[in-house]
Amino acid sequence: LGLDLRGGSHLLLEVDVKAVVNERMQSLTEEVRTALRKERIGYRRLGSRDGVLQVQIREPGQVESARERIREMNGGGLDVLGILGGSTPELDITTPEPQLIEVRLNEEALARRKTSAVQQSIEIVRRRIDELGNRESTIQRQGEDRILVQVPGLDNPERLKEMIGKTAKLSFRLLDQSLSPAEARAGRMPIGAEILPSDEEGASEFVVRKQILVSGENLVDAQPSTDGQTNEPVVLFRFDAAGGKRFADVTRVNIGKPFAIVLDGRVVSAPVIRSAILGGSGQISGNFTFQEANDLAILLRAGALPAPLL
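Every chain's residues receive numbers from 1 upward, in the order its sequence appears when written. In keeping with the model being predicted, local features are shown solely for residues with a pLDDT of at least 70 and side-chain atom pairs are shown and tallied solely at 80 or more, while totals for entire chains, interfaces and linings include all residues. Each side-chain value is worked out from all heavy atoms of the structure, with water and hydrogens disregarded.

(A) Just the nonpolar core, in detail. Take the buried residues of types Ala, Val, Leu, Ile, Met, Phe, Trp, Tyr and Cys, join any two whose side-chain atoms come within 4.5 Å, and each joined set is a nonpolar core. The classification of residues rests on relative accessible area computed with a 1.4 Å probe and restricted to protein chains. Under 20% of the type maximum is buried, over 50% is exposed, and intermediate values are partly exposed. Residues Leu170, Phe172, Val235, Ile284 and Leu300 are the most contacted members of the largest nonpolar core, which totals 23 residues. If you list the elements that add at least two residues to this core, you get strand E8 (170–174), strand E12 (219–226), strand E13 (233–239), helix H7 (241–253), strand E14 (259–263) and helix H8 (290–302). Secondary structure elements follow DSSP: runs of H or I no shorter than four residues count as helices, runs of E no shorter than two count as strands, and numbering proceeds from the N terminus. Ranked by residue count, the leading element in this core is H8, at four residues. Sequence-distant contacts of Leu170, defined by excluding residues within four places in its chain, comprise Ser215, Gly216, Leu219, Ile261, Val262, Leu263, Ile284 and Leu300. Core analysis: the next-biggest nonpolar cluster, separate from the first, contains 22 residues, Ala35, Val63, Ile93 and Ile101 among them. Every residue pair with non-hydrogen atoms within 4.5 Å of one another is taken to be in contact.

(B) The arrangement of unusual backbone geometry in detail. With phi around 50°, Asp50 is a residue other than glycine that occupies positive phi space. With respect to the helices and strands, Asp50 occurs in the loop between strand E2 (43–49) and strand E3 (52–57). Asp50 gets classed as exposed once you look at its relative accessible area, which sits at 69%. The phi dihedral of Asp264 falls on the positive side, at around 50°, and the residue is not glycine. Among the secondary structure elements, Asp264 is positioned in the loop between E14 and strand E15 (266–269).

(C) Up close: helix H3 (residues 63–71). Buried residues of H3: Val63, Ala66, Arg67, Arg69 and Ile70, and no others. Viewed along the axis of H3, the buried residues span an arc of 160°, placing them on a single side of the element. Taken together, the buried residues of H3 touch helix H2 (17–38), E3, strand E4 (91–97) and strand E5 (100–105). By arc we mean the arc of the directions from the helix axis to the C-beta atoms, nothing more.

(D) Representation of the packing of aromatic side chains within the structure. Between rings of Phe, Tyr and Trp, where Trp is taken as its six-membered ring, a pair exists when centres lie within 6.5 Å; planes separated by under 30 degrees are stacked, by over 60 edge-to-face, and by other angles tilted. Within the structure shown, the criterion is met by eight aromatic pairs. On the basis of an interplanar angle of 25° and a centroid distance of 6.2 Å, the ring pair of Phe172 and Phe259 is categorised as stacked. With Phe172 in strand E8 and Phe259 in strand E14, this residue pair connects regions lying 87 residues apart in the sequence. Neither residue differs from the other here; Phe172 and Phe259 are each classed as buried. Ring-pair connections join several aromatic residues into one group, and the members of that group are Phe172, Phe237, Phe239, Phe247 and Phe259.

Structure (structure tokens):
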């Protein structure tokens, strides 16, 4: 029986494609910064805004060398099937003024990323609803960037929006302990760092390195549980082989340092690395209720959305 006879929830969601483009440009900004430093090419005004990356090269004689380093990044985006890691050029690189380089995604790359973001979102929304125990839902693309969701028998649309609307992007990063958030806000923000709000007790925000050491994309399982010492609800997670090796390597070389577990732009936990974490598993604590731990485990198992749903 459909919605007309059984009742249920009907949602029309929009994929925030601009967020996909902004995320790619922010990632590219860090790639450009690393490449220019490696080649000892002096620059200033490096940053991205409204889908355009700009960098001012200090020495006129190094402009072409800088362009060449950026051209080497022109690929590795989405291939013709919409799969990451393709070799199709995705960047337009121009020099509108002497020593000023601008980089933007070309029209073909923008179209591929939009299509890919919507397709991925549909699949992940489907997985999340399946995790809730409802396999009779209708989930389909509507127009260029919208998704129609109908779930018969589920008459709590707010609960549904809460579960399928969270981006659920998980990352593991190092904290920057060279200064306090207040000092960073006063204008001393270290290059490659940012201030993120925190859910940790006793700390409302942290200065966090932007570099992602391990991504939630490598997770293969997540389950709610309780901490054996505090009896508090936690989420146990497990990486695939590649993620487990990366997690072990990162924790081995950063013993004694605090690292941030970041979920959708918020630090949910910031433990100190006491020893190398082998075996590819760990736990996330964050003052959760058991329902919150269960919901987070569902979101992590289903995977992160490529962009927010509006």
